[in-house]
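Spelled out, the chains give:
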Amino acid sequence: MIKNYENLLDVEEENKLEIDHVINTLKAIYRYKRSDTGSAGARVLAEFKGISGALGAKYLARQDAEVLLIVGCTPEATQQLRVMQRLFKKLKRVMVYDPILFENASWFIKTFRGRKSSIEYLPIENLEGAVKKSDIIIIDGSLASPMIMKKWIKKGTHINCIHGSWSKVQHLDSFVLPEAKMVTDSMEWSRNSSVFGHAIKDDLIVPKDIICNIEDVILGNIIIRTTPEDITIYVSTGRGLEDVAAVYLAMQNGIC
């Protein structure tokens, strides 16, 4: 098994690896977790996907974020919440919305084992109102329509879109993309992703508007957030993010 997932985010300057080595290392890890079976394999996969969104938030969101919104009550969202609470020390409120059933949001909070007394946890039914108050939004799951509308999103918001490789799934109103700074885990795959693909097809953005892969941000090659008002979007297609996570797995934990 692979240990201490949350420590994967504690990268230091001296621990940065060459990207080629990162890619090769994580491909081996990915093959391992894909070959696992049953509930253990599902849990490992969920934790990897959860880490992917946490990386996006760590390097793109405002560090003074206080309000987090989770859209979609999935195992990956549980892992993201656990890590987000560690990364964002000023977090005061977590709102949870499920597009299928309100009771799912209540159950998500009730069964979440990492609750902190300093944070308020709220299941919500009014998605628009929640989006308008949020500093970070995690969208996770197979939403069939652009649930998050441009006019709801306030300046300075960061949005994580997980499972972004599903071309038939549209998480966001495409009209928000031209005003956002966009990063992905795979430039090649994201061009046909659910988030970017629809906007490219509708001529709202072009592929070069996607600024870079997340590893360029982690390695300090590109700075994305330059003002507190920037809207940032991170799309994890599930193709290349594992490559980046290998930095932390190899240097901090290893495989055992």
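Refer to the structure presented above.
Thresholds applied
Residues numbered from 1 in each chain as written. Predicted model: local features only at pLDDT ≥ 70, side-chain atom pairs only at ≥ 80, totals over all residues. Heavy atoms only, no water. Helix = DSSP H or I, 4+ residues; strand = E, 2+ residues; numbered from the N terminus. Buried < 20%, exposed > 50% of the residue type's maximum accessible area, 1.4 Å probe, protein only. Contact = heavy atoms within 4.5 Å. Pairing = 2+ DSSP bridges. Axes fitted to C-alpha atoms, helices over the stretch in contact; angles between N-to-C directions. Right-handed = clockwise from strand over helix to strand, strands pointing away. Phe/Tyr/Trp six-rings, centres within 6.5 Å; stacked < 30°, edge-to-face > 60°. Salt bridge = Lys/Arg side-chain N within 4 Å of Asp/Glu carboxyl O. Core = buried A, V, L, I, M, F, W, Y, C linked by side-chain atoms within 4.5 Å.

1. What to know about the overall build of the chain
Along its length, the chain carries nine helices and eight strands. A total of 256 residues make up the chain; the buried ones form 53% of that total. By sequence separation, contacts in the chain at least 24 residues apart represent 77% of the contacts at least 6 residues apart.

2. Topic: the sheet that holds strand β2 (residues 93–97)
Read across the sheet, eight strands follow the order β3-β2-β1-β4-β5-β8-β6-β7 without closing on themselves; strand pairing throughout is parallel. Strand pairing shows two members of the sheet lacking a second neighbour, β3 (120–123) and β7 (210–213), which therefore form its edges. Taken over all neighbouring pairs, the strand axes of this sheet differ in orientation by 20 degrees on average, direction set aside. Most of the contacts of helix α3 (residues 75–87) go to strand β4 (residues 136–140), to which it runs at about 160 degrees, and overall it touches β1 (67–71), β2, β3, β4 and β5 (158–162). Along the sheet, helix α7 (residues 194–201) makes contact with β5, β6 (181–184), β7 and β8 (232–236), crossing β6 at roughly 130 degrees.

3. Things to note about the pairing of β1
Where burial is concerned, most of β1 is hidden: five out of the five residues are buried. The alternating pattern of β1 places V67, L69 and V71 and L68 and I70 on opposite faces, both of which are buried. You can see the chain leave β1, run along α3 and come back into β2, and the turn it takes is right-handed. Pairing between β1 and β4: four bridges, direction parallel. Bridging across to β4, I70 finds its partner in I138.

4. Some remarks on unusual backbone geometry
Unusually for a residue other than glycine, D203 sits at a positive phi of about 60 degrees. With respect to the helices and strands, the residue D203 is situated in the loop between α7 and β7.

5. Section: the packing of aromatic side chains
Overall, the coordinates contain one aromatic pair when judged by the stated rule. Between F112 and Y121, the ring centres sit 6.4 Å apart and the planes meet at 50 degrees, which makes this aromatic pair tilted. With respect to class, F112 is no different from Y121; both count as buried.

6. Focus on the pattern of salt bridges
Counted under the stated rule, the structure contains eight salt bridges. K181 is the partner of D230 in a salt bridge, and the nearest nitrogen-oxygen pair spans 3.1 Å. One end of the pair, D230, is in the loop between α8 (214–218) and β8; the other, K181, is in strand β6, and 49 residues separate them in sequence. On the basis of relative accessible area, K181 is assigned to the partly exposed category, the value being 23%. Each of the salt bridges in this network shares a partner with another, and the network as a whole consists of R62, D64, D135 and K154.

7. With respect to the pairing of β4
Among the five residues of β4, five are classified as buried, and the element is accordingly described as predominantly covered. The two faces of β4 match: I136, I138 and D140 on one face and I137 and I139 on the other face are all buried. Both β4 and β5 contribute to a ladder of five bridges, which runs parallel. Looking across to β5, one finds that I138 is bridged to N160.

8. Here's the deal with the environment of Q80
Position of Q80 among the secondary structure elements: in helix α3. The exposure class assigned to Q80 is buried, which follows from its relative accessible area of 0%. Placed 10 residues apart in sequence, Q80 and I70 show a C-alpha to C-alpha distance of 9.3 Å.

9. Looking at the nonpolar core
Core analysis: the biggest nonpolar cluster contains 34 residues, and L68, I70, F88, V94, F108 and V183 have the highest contact counts within it. Elements supplying a minimum of two residues to this core: α2 (38–60), β1, α3, β2, α4 (102–111), β4 and α8. Among the nonpolar cores identified, the runner-up in size contains 32 residues, and V71, M95, L172 and M182 belong to it.

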